[in-house]
Amino acid sequence: MEKAVTIKRKQRKFKELPLLLIALPGILYLIINNYIPMLGIFLAFKDYSFIKGIFGSDWCGFDNFKFLFKTGDAWKMTRNTILYNLAFIVIGTVLAILVAVLICELGKRMRVKIFQAALLLPNMLSWVVIGYIVYAFLNADTGFINNTILKFLKLDPISWYSFTGAWPAILVSVFLWKNLGYQSIIFTASIAGIDKSIYEAAAIDGASKMKQIFYITLPMLKPTVIILTLMSIGRIFYSDFGLFYQVPQNSGALYGVTQTIDTYVYRGLMELNDVGMSAAAGVYQSVIGFVLVLLANKIVRKYDAENALF
Amino acid sequence: MKKRILAVIMVAAMITGLTACSSSSGETKDGTEADTEDADSGEGSYDQVVYAFSTFNNIPADEDLDTVEEAINEITREKIGVEVTLKPISIADYSSKVSLALQGGEKIDIFQSLGDFNNCVATDMAYDITSLLGSCAPETKKLVGVDWLAACSSDGRVYGIPTYKPIALTPMVIYRQDIADELGIDMSTVNSVEDLTPILEQVKEAYPELTPLAPVQTGQIGLHTCFEDTDYLTDDMFSPIGVLMNGEMTVTDLYSTDEFKAMCDLARNWYNEGLVMKDSATTTSTAAECMSSGNYFGYIAAYSYPEKDTAASLMAQCGGYELGAKMVGDAYLSTSDVNSVSWMVASTTDVPEAAVKFLNLTYTDEAVINLLIYGIEGRDYIKNDDGTVSYPEGEDSTTVPYTAQLSCGTLGNFFEMYPMQGTDPASLDWELEQNKSAKTSSAMGFTFDSGNLKTQYTAVSNVISQYLPGLLCGSLDPETEISKFVGALNDAGYQDILSAKQEQLDAWSAE
Amino acid sequence: MTESRPFNRAATILLTIFVIIAVLPILLIVIASFTSEDALIRNGYSYFPQSWSLDAYYYMVKQGITIVRSYAVSFFVTIVGTALSVLLTTMLAYPMSRKSFKYRNVLAFFVFFTMLYNGGIVPSYIMWTKIFHIKNTIWALIIPNYLVTAFNVILVKNYYANSIPDSLVEAAQIDGATEFTIFRKIMLPLAVPTVATISLFTGLCYWNDWTNGLYYIDNEKLYSIQQLLMKIMNNIQALRTNSNAALLGTGAVDLPGTSIRMAMAVIGILPIMLIYPFVQKYLVKGVVVGAVKG
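No experiment lies behind these values; they were computed from the predicted model shown.

Regarding the overall build of chain C
Working step 1: Regarding its fold elements, chain C presents 14 helices and zero strands.
Working step 2: Counting helices and strands in the order they occur from the N terminus, chain C gives α-α-α-α-α-α-α-α-α-α-α-α-α-α.
Working step 3: Put simply, chain C has 294 residues, and 62% of those count as buried.
Working step 4: At a minimum sequence separation of 6, the contacts of chain C that also span at least 24 residues come to 73%.
Working step 5: Here chain C displays about 11,300 Å² of accessible surface, and carbon together with sulfur accounts for 69% of that area.

Dropping the structure here:
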């Protein structure tokens, strides 16, 4: 009896082996590329010295973290970071699904390929260039909006780069403009993976197009949405630096609505160039993201264990 | 079972395949790295020195670099028993690449502090060369002089050698000579930025479609450079925190002074009257671009050359319009002007003597300096009869195999370089004179150690970048915004920095 | 999927609007790159510029062979990087998707955690250059950072878990297929839509990347197109700003400005615009073929 159990156990262990082997190259890569450099977390607690190196430098406790909180902007930049990310998650997901559904409805027509390629193009531009485009539209003297559109409507020109009220909308639009095509691809792929016979059956039962979308496509997309959202939550304390720095042209008047944790760190460390402090900022952003994602994952696990991340 | 084994083999093959790739590629290193390896093993009896310099030009191909290296080595082997490896790094990546390389334990013995002097010292990047200067670089020590070396010191220890070049910056207004002539404007009456207002108005009136004043670059219309007799005490010129004014030794809050208010009022006035580009605080265009468009009358910036030379050298990049230049203030020297580009020996070096000896040559040996800057005579440049040099027939800076000509203000001794064709050799004397006669800060040689104030610095830098560009470009109203600005600064720990500065300054002057 | 005419029409119209919004600003860049520098600064960007100019492109052509070489580097890196990445990613994702696999949650967490925190450039740099000696080799552009990204792994895992029924795997197992055969013969071919997705993502990522080059490549012969463009752009910027700070000597330089930045953006995306339709098809097939050949 005992023997049988051990044999069985052995077998089971052996059973995992082939799968582990398949995963092994990827695991090794992640260990090398991601986990070993995580040792750099030391830097966040060290007063870095070039002579002494990472491990030899003096410990300085949490000194490197202080600069993140000792500012009147601490609350403002945290709020901005979170709110923008939430807006990106919600609006981005909704619109990306919409585009994906539309594309899939059109099937394999030639124009679909063109649509998809065209929507992807903005993603290939760097933020610096996008900054130029936005400037081309919003510039006070020669900008497209002031010079052409507002003139045509006989409205007074607006000084966009000091008009705080408009920027939340501008930033969200620019983000969507750049990323929509990219995000919709994920959903297009998911929809492509749905078994076609389900739709056929529904059509035979007389379900309308809208009904099919709402009762088949959207529910089938739920796992993807959950996973993507969970992943975004993990990075909720990070922000796309280029979007918040290059696009508003670093305009001081807009800091109230454009300052995020990343831009604060960049502006603060531009001169100091301090290895320890930038490492500290990274640790802070990750720890918060980590805690939030654990919470979110727990909630998902409770209601929908299948789709939890881990 | 067989298949399973196959799978295992496949995976294994993949992994070894991957590592094989990386190891085999490790063997095919490019020239520079191979040289570095040689350096480690100490080829021959010569000390190996790696000289990392920033270049604005193209990075030359290895073969072309090698010939220049070899030509320099012929001199250095004989004179100082050293072989040099040149490591040109493009200016935009310079600081990050050098700092990474040093952290990664790569061999770089000599590098430049590009504006980061304090930081290089604070993070132990730089080697203390105090004692080596006398023994390995006596000529340079004499040439550069005690005052300038003091500006590259901290706690009495010398960490760098400043580039020897015209450094005394004089604020100037660069303007369209053709327009000035046409309107009969006499620019010689302009002696300060305030004097500029009526002229800008006159231009505006005559040419309503012109914007009289262009910004220098994003967030600057040049007024930064126009505070008279002000020492920023080693802070960046675009975000000064606590300054010395009028030769006094009291650290002052620039932003609460009347001078600052007056400057902002001036900018605001220009802004409201439409005398300056409205978008200056956020523009993506630089002065040269604006001027090329023909839409602007002039701009304000600080240069280190005589009026005539400055105007002449700027013509090409400003669209070929005839330009004039007029000084609107006095040349002024403070610590950061001197140490902004200084040469340092890396703290990780194993050949400090050899490094300093080679640095010495870059300040004193005409042949070495010109090899560094222009490359090989005949191939990369030709000498003209009047002592100037130019590119060979049909070539320019982008096509010759090697040139670092645009870096001429950052490599060693500018005054030993052959002048480029088109420059007046006589202006060198003027520049040398400016360096000596410029008004010098009473705190010349003082360097501020901000090590314990990093937290405050980050917060304060953020506040400054929020308000300062707007105020000095006129887009913010000084009446209401200055007090907000100062309030925000104080919240960010501004006073801590001021008092620490004062403390260190007192200690310094007591010495 | 079943067809519905009015619905199709509405979808086409809506998508066309989206596409116009996406493309119009890019058109502005393309036009700006052909606009004369003067007109750009005088009138700003315009869809109907007053004067056209090829100066920006002349400037780029002057870089000649460098640009061609950089294109070659970029293509090589993108193709090899994407192929390797897809292989590693799917191999890692498949076991994670198997409900019978004991370590699936551990593995999922292991993968996901890499998204939350990275040690920063300094430790990575030291490791890649000191231990793996990839500095100044083509592998420096391929291996660090992008070969396996958590995002892609999770996408594929998620796709497997939701779109491929367990019964399929069980049936294969009963037929005596090994795990590896199942992966190769069944799972990879079935993952085509998601493989196409991550190929596209990874391809874009390799094509657009310049940071690996910045850190690990000194030799201009190995510059990718993005790194080259970045270098030109930064050097122009540095020249223009530093000439004020008198870093420079009296060397006259004549550089094109805004229009060249636009030209560079165009040069950066042009190949993708041209080959994207082919790649879209080829990628899917190519990946499957490559995987079957194993």
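Things to note about the interface of chain C and chain A
Working step 1: With 91 residues of chain C in contact, the opposing surface of chain A contributes 93 residues.
Working step 2: Note on chain C versus chain A: buried area summed over both sides is about 8,400 Å², and carbon and sulfur give 77% of it.
Working step 3: Seen at the junction of chain C and chain A, the total is zero salt bridges.
Working step 4: There are 10 residue pairs in polar contact (both at pLDDT 80 or more) connecting chain C and chain A.
Working step 5: Sort the elements by how many residues they give to the side of chain C that touches chain A and helix H1 (residues 5-33) of chain C lands first, with 16 residues.
Working step 6: Grouping the constituent residues of the side of chain C that touches chain A by class yields 62 nonpolar, 20 polar and nine charged.

Regarding the side chain of C:Ser199
Working step 1: Mapped onto the elements, C:Ser199 comes out in helix H11 (residues 192-208).
Working step 2: Of the polar contacts made by the side chain of C:Ser199, one reaches the backbone oxygen of C:Val195; its length is 2.5 Å.

Notes on a nonpolar patch on the surface
Residues and elements named next belong to chain A.
Working step 1: Taken together, Leu28, Ile31, Ile36, Leu39 and Phe55 make up a surface patch of nonpolar side chains, about 430 Å² in accessible area.
Working step 2: Assignment of secondary structure puts Phe55 in helix H2 (residues 53-56).
Working step 3: Phe55 sits in the exposed class, given a relative accessible area of 56%.

Description of the nonpolar core
Working step 1: Grouped together as the largest cluster of nonpolar side chains are 287 residues, with contacts concentrated most on B:Phe260 and B:Trp270.
Working step 2: Among the elements that make up this core, the one with the highest residue count is helix H8 (residues 167-192) of chain A (13 residues).
Working step 3: The residue makeup of this core includes at least three contributed by each of domain 1 (31-167 + 335-445) and domain 2 (170-334) of chain B.
Working step 4: With near-sequence residues (within four places) excluded, B:Trp270 lies in contact with B:Val193, B:Leu196, B:Thr197, B:Leu200, B:Leu213, B:Ile221, B:Leu223, B:Leu275, B:Val276 and B:Ile300.
Working step 5: Membership of the second largest hydrophobic core comes to 63 residues, among which are B:Leu132, B:Val158, B:Ile167 and B:Ile369.

Considering the side chain of A:Arg267
Working step 1: By the element assignment, A:Arg267 lies in helix H13 (residues 261-272).
Working step 2: Of the polar contacts made by the side chain of A:Arg267, one reaches the side chain of A:Tyr255; its length is 2.9 Å.

Regarding unusual backbone geometry
All names here are of chain B.
Working step 1: Of note in this structure, Asp155 is not a glycine but carries a positive phi near 55°.
Working step 2: Here Asp155 falls in the exposed class, since its relative accessible area comes to 68%.
Working step 3: For Asp229, which is not a glycine, the phi torsion comes out positive at approximately 50°.
Working step 4: A relative accessible area of 18% means that Asp229 is categorised as buried.

Notes on the pairing of strand S1 (residues 47-55) of chain B
Residue and element names in this part refer to chain B.
Working step 1: Among the nine residues that make up S1, eight are buried, leaving the element largely enclosed by the rest of the structure.
Working step 2: Strand direction decides the pairing type here: S1 and strand S2 (residues 82-90), joined by nine bridges, are parallel. The residue of S2 that forms the bridge with Ser54 is Ile89.

Focus on the pattern of salt bridges
Working step 1: As enumerated under the stated definition, the model contains 25 salt bridges over all chains in all.
Working step 2: In this structure, A:Asp304 and A:Lys222 form a salt bridge, with 3.5 Å as the shortest nitrogen-oxygen distance. Taken as a pair, A:Asp304 in the segment after helix H14 (275-303) and A:Lys222 in helix H10 (residues 209-234) lie far apart in primary sequence, 82 residues in all.
Working step 3: Here B:Glu70 makes a salt bridge to B:Arg77, at a shortest N to O gap of 3.2 Å.
Working step 4: Owing to a relative accessible area of 34%, B:Glu70 belongs among the partly exposed residues under this scheme.
Working step 5: Residue B:Arg77 is classed as partly exposed on the basis of its relative accessible area of 22%.
Working step 6: It is possible to trace a salt-bridge network through shared partners that takes in B:Lys87, B:Lys97, B:Glu106, C:Lys135 and C:Asp218.

Structural notes on the pairing of strand S11 (residues 296-303) of chain B
Residue and element names in this part refer to chain B.
Working step 1: Taken across its eight residues, S11 has eight buried, putting it largely inside the fold.
Working step 2: By the bridge criterion, six bridges tie strand S7 (residues 170-176) to S11 in an arrangement that is antiparallel. In the sheet register, Ile174 faces S11, and the bridge partner there is Tyr299.
Working step 3: When strand S8 (residues 211-213) meets S11, the two strands line up parallel, connected through two bridges. Directly across from Leu213, in S11, lies its bridge partner Gly298.

Looking at helix H6 (residues 121-131) of chain C
Working step 1: Buried within H6(C) are the following residues: C:Val122, C:Pro123, C:Ser124, C:Tyr125, C:Met127, C:Trp128 and C:Thr129.
Working step 2: A positive phi of about 50° marks C:His133, the residue just after H6(C).

Section: the sheet that holds S8(B)
Residues and elements named next belong to chain B.
Working step 1: Pairing is mixed across the open sheet formed by four strands, whose spatial order is S8-S11-S7-S12. Every interior strand has two partners, whereas the edge strands, S8 and strand S12 (323-327), have only one. Geometrically, the sheet is characterised by an average inter-axis angle of 20° between neighbouring strands, direction not taken into account.
Working step 2: In the packing of helix H13 (residues 307-315) onto the sheet, contacts are made with S7, S11 and S12, and the angle to S12 comes to roughly 145°.

Some details on the packing of aromatic side chains
Working step 1: Summed over the entire model, instances satisfying the criterion amount to 54 aromatic pairs over all chains.
Working step 2: Both rings, one in A:Trp160 and one in A:Phe163, keep their centres 5.9 Å apart while their planes meet at 50°; by these two values the pair is tilted.
Working step 3: For A:Trp160, a relative accessible area of 13% gives the class buried.
Working step 4: Judged by relative accessible area, A:Phe163 falls into the partly exposed class, the value being 39%.
Working step 5: Aromatic side chains A:Phe241 and A:Tyr245 sit 5.0 Å apart centroid to centroid with 15° between the ring planes, which places their arrangement in the stacked category. Note that A:Phe241 and A:Tyr245 are positioned in helix H11 (residues 241-245) at a spacing of four residues, about one turn of the helix.
Working step 6: Taken together through their ring pairs, the aromatic side chains of B:Phe227, B:Tyr255, B:Phe260, B:Tyr467, B:Phe485 and B:Tyr494 make up a single cluster.

Overview of the domain arrangement of chain B
All names here are of chain B.
Working step 1: Per the domain assignment, the segments of chain B are domain 1 (31-167 + 335-445) and domain 2 (170-334).
Working step 2: Every contact between the two is made by 21 residues of domain 1 and, on the other side, 19 residues of domain 2.
Working step 3: Counting the surface domain 1 buries against domain 2, the share from its top three residues, Trp430, Lys439 and Ser442, is 29%.
Working step 4: Connecting domain 1 to domain 2 are nine residue pairs in polar contact (both at pLDDT 80 or more).
Working step 5: The set of elements that each furnish at least two residues to the side of domain 1 that touches domain 2 consists of helix H14 (335-339), helix H17 (427-437) and strand S17 (439-440).
Working step 6: No other element matches the five residues that H17 contributes to the side of domain 1 that touches domain 2.
Working step 7: Counted by class, the side of domain 1 that touches domain 2 contains eight nonpolar, nine polar and four charged residues.

Here is what the cut-offs are and how they apply
- Residues numbered from 1 in each chain as written.
- Chains lettered and ligands numbered in written order.
- Predicted model: local features only at pLDDT ≥ 70, side-chain atom pairs only at ≥ 80, totals over all residues.
- Heavy atoms only, no water.
- Helix = DSSP H or I, 4+ residues; strand = E, 2+ residues; numbered from the N terminus.
- Buried < 20%, exposed > 50% of the residue type's maximum accessible area, 1.4 Å probe, protein only.
- Contact = heavy atoms within 4.5 Å.
- Areas by Shrake-Rupley, 256 points an atom, 1.4 Å probe, with all protein chains shown as cover.
- Buried area = accessible area lost by both parts, 1.4 Å probe.
- Salt bridge = Lys/Arg side-chain N within 4 Å of Asp/Glu carboxyl O.
- Polar contact = N/O pair within 3.5 Å; in protein donor to acceptor, adjacent residues only side chain to side chain.
- Nonpolar A, V, L, I, M, F, W, Y, C, P; charged D, E, K, R; others polar.
- Patch = residues over 30% accessible without salt bridge, like charges linked within 9 Å, V, L, I, M, F, W, Y side chains within 5 Å.
- Core = buried A, V, L, I, M, F, W, Y, C linked by side-chain atoms within 4.5 Å.
- Domains from an automatic or database assignment.
- Pairing = 2+ DSSP bridges.
- Axes fitted to C-alpha atoms, helices over the stretch in contact; angles between N-to-C directions.
- Phe/Tyr/Trp six-rings, centres within 6.5 Å; stacked < 30°, edge-to-face > 60°.

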